[in-house]
Amino acid sequence: FSCRKPLAMTGKLRPARAAAAGVSAMDMKKIIVLGGDGFCGWPTTLHLADQGHDVVSVDNLSRRNIDTEMGCDSLTPIQSPETRQRAWKEVGGRPFEFVNLDVAKDYDLLLALIKAEKPDAIVHFAEQRAAPYSQKNSKTKRYTVDNNVGGTNNLLAAVVDSDLDIHVVHLGTMGVYGYGSSGGKIPEGYLPVTLPNGEKKEILHPAYPGSVYHTTKCLDALLFQFYNKNDQIRVTDLHQGIVWGTNTPQTVRDERLINRFDYDGDYGTVLNRFLMQSSMGVPLTVYGTGGQTRGFIHIKDTCRCIEAAINNPPAKGERVEIFNQIAETARVRDIAEMIQKQTGCEVNFLANPRNEDAENELDVTNNKFMNFLGDMISLDSQEGLFEEVQTITTKYKDRCINEKILPASFWNKRTAAACESNTLDVKAPAVAPGEKKLGGVFM
């Protein structure tokens, strides 16, 4: 197994604080976390509160409603927001507020909240985050666009109407770039170009989305550019890779604080699905040849990156700051092989539900966060975290519905027809590594 990790850089940027350090009264910030009940939003809420910040968590609980819609709960039994708040207080955590609000629909309530709280920063997780779910049918496509783009525009408009100087930190995706090459390493947001007259400048990296979900993130980026140019809103956009892992130092303090764990074909991220399947004796479900190369980051580092972005806002009038929020890149079949060697599990090669090349290279720059953090958790070292995930999945394996593991959303009629033969039974790869075929992996 091999992966490509950009080298750590040196610099004078302000680092994320150590987990137990806390903040001084001077450094403490008021932070609103939109989407604070979700897979990334929940541990980030606790991480920021644990650092001594004054946090308000906002969520409309839509992800829990989607669980009901799909007939598939989180593998881990997540508690209600009220129970989570109470458990956090009981273990000595800094209290945070929870507000049930729909960012995409409740504009007046959102604006009133911003005016009342006067936050220094707003972290924006409040978007439908699964590419497969966004491709399921016309209803989910329309919902993803309405919720994601409408919510982002509402947030930016509310910041303008509040007359407050607020730093917006948005969780985006590496998928805005597409999965290929920019003639070298994919830069952090801006591509240097030479115009026909010889003038050199930097432009927003061309968008090449691979799903309706990824398209909404590209549209978010354009909204950020406009509001930044027109209203001088300070924005940091984080192009994140695939998140793996479950718990953080905060969520392990009480079982009632456990983070959600998605294993289904729509929301389960590829590495977490593999770890769950290996612990349950289910063959790893590799799509196509498994030749897709993707960026990865552990949930602990997601929280640290968010904090680092909050601590280092762009100055008023500066362009949108863009970070590539990944620790490393790796090929899916290499990850499957690594887990197979560790656990002896079998590997199942399925037809691909996506409409994209089965093989790609991915060379990415992440110098800015390496400046902030110095190092991040890698798949090679992973500090026993594979075992942590497998322990969790073994503990709650009775909650798994095996048929939900298979892909249930397809990019078009052609890929849907190709996937009709998919099964959890072991199958050999249908295409030799290196060949091109429609397909991909879940994000």
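As the structure is a computational prediction, the values presented were derived from the model and not from experiment.

### Quick notes on the side chain of Ser162
Checked against the element boundaries, Ser162 lands in helix α6 (residues 138-162). Discounting residues that sit within four places of it in the chain, Ser162 has contacts with Leu111, Ile114 and Lys115.

### Some thoughts on the packing of α6 against helix α7 (residues 212-231)
One way to put it is that α6 packs onto α7 with a least axis distance of 9 Å and a crossing angle of 15°. Of the possible angle classes, the one that applies to α6 and α7 is roughly parallel. Considering how the two elements wind past one another, α6 and α7 form a crossing that is right-handed. Contacts from Lys141, Thr144, Val145, Asn148, Val149, Thr152, Asn153, Leu156, Ala157 and Val160 of α6 reach α7 at Val212, Tyr213, Thr216, Leu219, Asp220, Leu223, Phe224, Tyr227 and Asp231. Here the contact of α6 with α7 is built from residues that sort into eleven nonpolar, five polar and three charged.

### With respect to the sheet that holds strand β1 (residues 30-34)
One key point about sheets: their strands pair by backbone hydrogen bonds, in either a parallel or an antiparallel sense. In spatial order, the strands read β3-β2-β1-β4-β5-β8-β12; together these seven strands make up an open sheet with parallel pairing. Looking at the sheet topology across the chains shown, the edges are occupied by β3 (97-100) and β12 (321-325). In this sheet, adjacent strand axes meet at a mean angle of 20° when their direction is disregarded. Pairing analysis gives five bridges linking β1 to strand β2 (residues 54-59), with the strands arranged parallel. When the bridges of β2 are listed, Val33 appears paired with Ser57.

### Digging into the side chain of Thr44
Here Thr44 is to be found in helix α1 (residues 41-50). Using a relative accessible area of 0% as the deciding quantity, one classes Thr44 as buried. Contact partners of Thr44, with chain neighbours within four places excluded, come to Phe125, Cys303 and Ile306.

### Points about the packing of aromatic side chains
The final tally for this structure, using the stated rule, is seven aromatic pairs. Centre to centre, the rings of Trp42 and Phe96 are 5.9 Å apart; their planes meet at 65°, and the pair counts as edge-to-face. One end of the pair, Trp42, is in helix α1; the other, Phe96, is in the loop between α3 (81-90) and β3, with 54 residues separating them in the sequence. Phe96 matches Trp42 in its accessibility class, with the two residues each being buried. Each residue in the set Phe323, Phe369 and Phe372 is aromatic and connected to the rest through ring pairs, giving one cluster. The aromatic ring of Tyr267 is capped on one face by Arg63, whose charged end is 3.7 Å from the ring centroid. The residue whose ring lies beneath Arg319 is Tyr190, and the NZ or CZ to ring-centre distance is 3.7 Å.

About the cut-offs
Residues numbered from 1 in each chain as written. Predicted model: local features only at pLDDT ≥ 70, side-chain atom pairs only at ≥ 80, totals over all residues. Heavy atoms only, no water. Helix = DSSP H or I, 4+ residues; strand = E, 2+ residues; numbered from the N terminus. Contact = heavy atoms within 4.5 Å. Axes fitted to C-alpha atoms, helices over the stretch in contact; angles between N-to-C directions. Parallel < 35°, antiparallel > 145°, perpendicular 65-115°, else oblique. Left-handed = near helix turned anticlockwise from the far one by under 90°. Nonpolar A, V, L, I, M, F, W, Y, C, P; charged D, E, K, R; others polar. Pairing = 2+ DSSP bridges. Buried < 20%, exposed > 50% of the residue type's maximum accessible area, 1.4 Å probe, protein only. Phe/Tyr/Trp six-rings, centres within 6.5 Å; stacked < 30°, edge-to-face > 60°. Lys NZ or Arg CZ within 6 Å of the ring centre and 35° of its normal.

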